[in-house]
Amino acid sequence: MTAPLANPPQVPPAPQPGAWPGTALTCRCCGSVPAIKGTLHGHQGFLLFMRTLTQRGPFCRSCGIAVCRDMSAKTLWQGWWGPLSMIITPLVLIGNLVTRVRLGRLGEPAPGAPGTPATPGKPVFRRAAVFGLGIPVAIALAVGWSISTDPSYADVGACVSATGLSTDPFVNVVDCGDQSAAYVVVGKVEDTTDDAQCERFSGAVAAYTQEDGSRKLLLCLGANR
């Protein structure tokens, strides 16, 4: 009769389906290890409509970076075309960047995976889509220019040009040294379009009124000498 061993050998547990021995996660795209959980997003704006795309891991380094670069690049030129999208798109890109940093800390996919890891491709900043960063800049400049020339935002002392019919002039804020600067704002009154109130402002020779919904505005104009 043989005595039982004092220290019997340990039998390693059988690998779980979808996992390699020693790890709990494999890449959802190629089955490689190591892999981490992560969520990547893309965004498309369509003026009043929008759509957010989502890819959930786990991802290995190569597949995750490939998905991240593809979704971020498309978002850079598809994501800005709507008021809410202008806010959502930067958040999506920042979220993808955080996941990209985590993916970059992984080692290269180990050989022997069921599938072939994806090729990450060019970094986003080396793709044509990077020019999409100019879209919000251009929109911001256009909005800033529109505000700077809108008489609604003119202060006393600002100069304006006036063209078109006297009954419905087209008024723009301009530099006081501009040849078209015919008038200077000598008075500004909110919540009224009664141009008779300009009589209390010294030097007023003309009036400009604006009504937009419930908002009313009166500008009293003097000659720009």
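Right, let's walk through the structure included here. From a predicted model like this one, the values you see are computed outputs, not experimental measurements. (Residues numbered from 1 in each chain as written. Predicted model: local features only at pLDDT ≥ 70, side-chain atom pairs only at ≥ 80, totals over all residues. Heavy atoms only, no water.)

Below, the discussion takes up the nonpolar core. Counting ten residues, the largest nonpolar core is built from Ala154, Ala158, Val160, Val171, Val173, Val185, Tyr208, Leu217, Leu219 and Leu221. Those elements that place two or more of their residues in this core are strand S4 (168-174) and strand S7 (215-223). In terms of residue count, the dominant contributor to this core is S7 (three residues). Setting aside chain neighbours within four positions, we find valine 185 in contact with Ala154, Asp155, Val156, Gly157, Ala158, Val160, Leu219, Cys220 and Leu221. (Core = buried A, V, L, I, M, F, W, Y, C linked by side-chain atoms within 4.5 Å. Buried < 20%, exposed > 50% of the residue type's maximum accessible area, 1.4 Å probe, protein only. Helix = DSSP H or I, 4+ residues; strand = E, 2+ residues; numbered from the N terminus. Contact = heavy atoms within 4.5 Å.)

End to end, helix H2 (residues 85-104) covers 28 Å across 20 residues, agreeing with the expected 28 Å (1.5 Å per residue, within 8%). All of the buried residues in H2 are Ser85, Thr89, Val92, Leu93, Asn96, Thr99 and Leu103. Projected down its long axis, H2 shows its buried positions confined to an angular sector of 130 degrees, all on one face. Facing away from the buried side of H2 by more than 90 degrees, the exposed set consists of Ile87, Leu91, Ile94 and Leu97. The elements touched by buried residues of H2 are strand S1 (39-46), strand S2 (49-56) and helix H1 (61-78). (Expected span 1.5 Å × (residues − 1). Arc of directions from axis to C-beta.)

Counting through the fold element by element, isoleucine 88 comes out in helix H2. On the basis of relative accessible area, isoleucine 88 is assigned to the partly exposed category, the value being 24%. Remark: the alpha-carbon pair of isoleucine 88 and histidine 43, spanning 45 residues in sequence, is separated by 7.8 Å. When near neighbours in sequence (up to four residues on either side) are disregarded, isoleucine 88 contacts His43 and Met50.

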